[in-house]
Each structure stands twice: as structure tokens, then as C-alpha cells.
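Report on the structure
Spelled out from the first residue to the last, the chains are:
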Amino acid sequence: AAIKAGANYIVTFNKKDFPTNAESLYKIKVISPDDFVILIAKHIGSKFDQVFAFWISQYEKPRLTVSEAARAIDKSGCPKIARLIRDRQRQIRELI
């Protein structure tokens, strides 16, 4: 479906299920969710803080702190995103 739709990326935790030559064959990159979000974060810069602050503010029961959210994201298999959130914690907290 992604190839027919002309997608640039297939975002998956199961990269092993795709051929290593998928990029050259189909002009599509197989990328982990962790790497994909980091790619977006680099592209949008400080707006990432706003997006993440909005996302975390939607959690009301139970209310999540930035640290708790980073820990949960890390546990879900996305350590790069968790590290970015920890590094930007102060800026994100100011927006909540």
C-alpha cells in the first residue's frame, strides 16, 4: 500500500520484515518510529516543544509529567525521542 501510495517512508518497529534493498527497489525508506520522530523534530525545530506540550497536556487522568512521558516513551522502544524530551524538558514544561 505504501509503495502504491508513493510514500517516502514505511514507519515500523519491524524493520527486519522488509528487504534491505527496499529503498533502492521502491524508492521508499524503512525507518523506525524513533528515527522518524527525530527526523520530524529536526525539521520543525522548537515547534516540537509545542507539539509535545500539547500532546502531554491532553493526559488528564492520570496527569503525566514530562519526565513520566519520557520514561514511558523510552520503555516503548523509542530512546532517541525520550532523550530529546529529557533534553528539552524545561522548554516543554514552560509551554504546558
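Refer to the structure presented above.
Residues numbered from 1 in each chain as written. Predicted model: local features only at pLDDT ≥ 70, side-chain atom pairs only at ≥ 80, totals over all residues. Heavy atoms only, no water.

Another point: the overall build of the protein. Helix and strand counts for the protein stand at seven helices and two strands. In the protein, the order of α-helices and β-strands from amino to carboxyl end is α-β-α-β-α-α-α-α-α. Relative to a compact globule of 96 residues, whose C-alpha radius of gyration would be 12 Å, the protein shows 16 Å and is clearly more extended. With the C-alpha coordinates of the protein rotated into their principal frame, the extents come out at 45 × 25 × 20 Å. By the burial criterion, 27% of the 96 residues in the protein qualify as buried. For the protein, contacts bridging at least 24 residues in sequence account for 42% of all contacts bridging at least 6. (Helix = DSSP H or I, 4+ residues; strand = E, 2+ residues; numbered from the N terminus. Rg over C-alpha atoms; globule rule 2.2 N^0.38 Å. Buried < 20%, exposed > 50% of the residue type's maximum accessible area, 1.4 Å probe, protein only. Contact = heavy atoms within 4.5 Å.)

Turning to the nonpolar core, a few remarks are in order. Core analysis: the biggest nonpolar cluster contains 15 residues, and F52, V66, I73, I81, I85 and I92 have the highest contact counts within it. Counting only elements with at least two residues in this core, the list comes to α3 (33–44), α4 (47–57), α5 (66–75) and α6 (79–87). Excluding anything up to four places from it in sequence, I85 contacts F48, F52, V66, A70, I73 and I92. (Core = buried A, V, L, I, M, F, W, Y, C linked by side-chain atoms within 4.5 Å.)

The next thing to look at is a nonpolar patch on the surface. A cluster of nonpolar residues, I3, L25 and Y26, forms a patch on the protein surface that exposes about 310 Å² of accessible area. For I3, a relative accessible area of 47% corresponds to the partly exposed category. (Patch = residues over 30% accessible without salt bridge, like charges linked within 9 Å, V, L, I, M, F, W, Y side chains within 5 Å. Areas by Shrake-Rupley, 256 points an atom, 1.4 Å probe, with all protein chains shown as cover. Salt bridge = Lys/Arg side-chain N within 4 Å of Asp/Glu carboxyl O.)

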